[in-house]
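A structural walkthrough
Okay, here's what each chain looks like letter by letter:
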Amino acid sequence: MSTMTSSFKTATTVFYSVLLALAIAAPWLNIYPVYLMTLYCFGIFACAFNLLLGFGGMLSFGHAAFFGTAAYVTGWLVTDQAWSTLSAILAGMFSAAALGLLFGVIAIRRSGIYFAMITMALAQLVYFVMLQAPFTGGENGLQGIPRGDLLGLISLKPDNNMYYFVLLILVAVFLGIKRIVASPFGQVLKAIRENEPRAISLGYDVNRYKLLVFVLSATLAGLGGALKALVLNFAALTDVLQSTSGEVILMTLVGGVGTFFGPLLGAGVVVTLQDVLSDRVGSWVTVIIGCIFVICVLSFRKGIVGEWLAFLQRRREAKKA
Amino acid sequence: MTDIFGFPLPVVLGQLMLGLVNGSFYALLSLGLAVIFGLLGVVNFAHGAFYMLGAYAAWLGMSYFEINYWVALVMSPLVVGALGVLVERSALRHLYQIDPLYGLLLTFGLALIAEGLLREMFGSSGQSYPVPELLRGATNLGFMIIPIYRLWVIVASVLVCFTTWFVLERTSLGATLRAATENPKIVQSFGINVPVIVTLTYGAGVGLAALAGVLSAPVIQITPLMGSSLVTVVFAVVVIGGMGSILGAIVSGLMLGVIEGFTKVIYPEASNIVVFVIMAIVLFFRPAGLFGKE
């Protein structure tokens, strides 16, 4: 981003600082902490998804598989196997990574629409496995998952403690993804996204890069799922459902594909919408979500953050001229 | 009593017949998907929703307007096809110049809208309508007894599929369509109105899905979600067959239905996932699909 002016950089820094200060102050501002934590978990999920779509150029229609599998694994380990919270989260991420490797090896053989269809079909496979597997509790899911503590020092049971733990992870994921995108690896990804044949002719092993970003994205999606299981104390079939894969796409699309802040904002919009609407309008939530999809695709493809950045760009150019 | 792999023959044949019924629906749906993809370059996620709408349109017509099954069989695909034409004209049309992934996302949104609306209007519980007089009862094929309606579903679907194949591959209309797939600009320069062809193709593909919906309703229950669970399987079928091939879509649809039926006999727990597993295996050895060329 060499075209970025210094004033824009300062404005961005100020924006993120204010946002972080607000997030830290949130428990004193009388905002329901579980709502914010849910938002953060889906924010991590959406950032992970955006790493794949926005920076890797691959649309996965099966990301719920990673989110849900990690939720189940983490939940099962802390509930039935009495694992500590941190090791269960790591195990959840590891399971998502392993699943991501398996999906990736199969799906990156095709690109574009086929890639989307294949990931969707594989996620459906995971759904049926989770429906029948002995440790997932079938239709009921896993209930009453305890949050445990951090290294035996801090209990995560109080909402405030859990809140800061999730916030810390969210910030780490956000910065981590920024770092990945700016790294040489991220630059190669960009080259592949813009012109794959050219990247191949430059000698890059394109499929290895694609596989790596896919596994990374799956792992982080798993992190979001593992945290969600702990925050809400349950893991259920909705976590691996196709509609959840659709939701994360919508979050990224609404916020702005390929922007850093977009997925977080999109997660905020979608989670808030569901929170506000679900008890009031019943099945209309599905209709409303569908309508947002249609509107975004037809006339709002850059998303909120993308449109805003484009607006700033136009204004800068107008000033120059 | 004859056994196959230790399973009684009537059980195996019964499941295979059910598999063939399911395979007929897979074939009809993947055929429509393949035709639409060929011409529009759009993966129609709403295909399952149109299938569901087809079943609901027939059910509504039969229970509120007292039309009979045969009228519904013709009317419902026409009505749903008209809806498809409307969708293509008003929304899909604007997306042909950009990344095809947006077509997938748009139709995903449309499917959500359709499902939500029908759930709001008719609830989530299943509806059904009776089998027409003519197709009631069972017949003895010599080696097994089969309900006539199931036989009808298989015969009707196979006939429709091969008629579609014939029209596309062996008539001048089909030649025009295929030419428009290859190079729309040149076809247009011959004075053929390509945008109208595109619109009608979408309508026809969607109509096929609705026809499958009408046929399926007496066999399975009509629910708002009947399409979304089917469409993922059909996507896998299409990936296995290779999207470019019409005949491939028909054959792999029927074949996978039968394989699914057979899995129900030997290992019921895997019957839901066998199609996806086959998809993974096929992708591993033949990424372009069984009948695809690349």
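Here the structure is a predicted model, which means the values were calculated and not measured.

1. Digging into the overall build of chain A
Each helix and strand in chain A was counted, giving 13 helices and two strands. At 20 Å, chain A has a C-alpha radius of gyration in line with the 20 Å of a compact globule built from 321 residues. Expressed along its principal axes, the backbone C-alpha trace of chain A runs to roughly 65 × 50 × 40 Å. In chain A, which comprises 321 residues, the share counted as buried stands at 47%. Taking all contacts inside chain A whose residues are at least 6 apart in sequence as the whole, residues at least 24 apart take part in 77%.

2. Points about unusual backbone geometry
With a phi close to 55°, A82 of chain A is a non-glycine residue in the positive phi region. Examined against the element boundaries, A82 of chain A turns out to sit in the loop between helix 3 (64-80) and helix 4 (85-107).

3. Digging into helix 5 (residues 148-170) of chain B
Residue and element names in this part refer to chain B. In a regular helix each residue adds 1.5 Å, so 23 residues correspond to 33 Å; helix 5 covers 32 Å between its end C-alpha atoms and thus fits that length. For helix 5, every residue scored as buried is listed here: R150, V153, I154, S157, V160, C161, T164 and L168. Tucked into the core, helix 5 has its buried residues touching helix 1 (9-40), strand 4 (145-147), helix 6 (172-182), helix 8 (194-216) and helix 10 (246-266).

4. Quick notes on the environment of L86 of chain B
Among the structural elements, L86 of chain B can be located in helix 3 (residues 69-90). Taking the number of C-beta atoms within 10 Å as the measure of exposure, L86 of chain B has 12 and is therefore exposed.

5. As for the interface of chain B and chain A
Facing 32 residues of chain B, the contacting portion of chain A comprises 34 residues. Residue contributions to the side of chain B that touches chain A peak at 15 residues, all from helix 4 (residues 101-122) of chain B. Grouping the amino acids of the side of chain B that touches chain A by side-chain chemistry returns 23 nonpolar, five polar and four charged.

6. Some remarks on the packing of helix 1 of chain B against helix 9 (residues 226-241) of chain B
Residue and element names in this part refer to chain B. Orientation of helix 1 relative to helix 9, taken along the N-to-C sense of each, is 70°, at an axis distance of 9 Å. Comparing the axis directions of helix 1 and helix 9 gives the class roughly perpendicular. Once helix 1 is placed against helix 9, the crossing between them reads as right-handed. Across the interface between the two elements, Y26, L29, S30, L33 and A34 of helix 1 pack against L230, V233, V234, V237, V238 and G241 of helix 9. Split by residue class, the contact of helix 1 with helix 9 holds nine nonpolar, two polar and no charged.

7. Brief notes about the nonpolar core
Core analysis: the largest hydrophobic core is formed by 195 residues, its most contacted members being I44, A121 and L122 of chain A together with M279 of chain B. Residue contributions to this core peak at 17 residues, all from helix 1 of chain B. Dropping the residues within four chain positions of it, A121 of chain A is found in contact with T232, F235, A236, V239, F276 and M279 of chain B.

8. Examining the confidence of the model for chain B
Residues and elements named next belong to chain B. When pLDDT is averaged across chain B, the result is 88; 98% of the residues are at 70 or more. Element-level mean pLDDT values for chain B span from 68 in strand 1 (residues 3-4) up to 94 in helix 3. Scoring the predicted complex yields pTM 0.90 and, for the interface, ipTM 0.88.

So, how was this worked out
- Residues numbered from 1 in each chain as written.
- Chains lettered and ligands numbered in written order.
- Predicted model: local features only at pLDDT ≥ 70, side-chain atom pairs only at ≥ 80, totals over all residues.
- Helix = DSSP H or I, 4+ residues; strand = E, 2+ residues; numbered from the N terminus.
- Rg over C-alpha atoms; globule rule 2.2 N^0.38 Å.
- Buried ≥ 20, exposed ≤ 12 C-beta atoms within 10 Å, placed from the backbone.
- Contact = placed C-beta atoms within 7 Å.
- Expected span 1.5 Å × (residues − 1).
- Nonpolar A, V, L, I, M, F, W, Y, C, P; charged D, E, K, R; others polar.
- Axes fitted to C-alpha atoms, helices over the stretch in contact; angles between N-to-C directions.
- Parallel < 35°, antiparallel > 145°, perpendicular 65-115°, else oblique.
- Left-handed = near helix turned anticlockwise from the far one by under 90°.
- Core = buried A, V, L, I, M, F, W, Y, C linked by C-beta atoms within 7 Å.
- pLDDT = per-residue confidence, 0-100.

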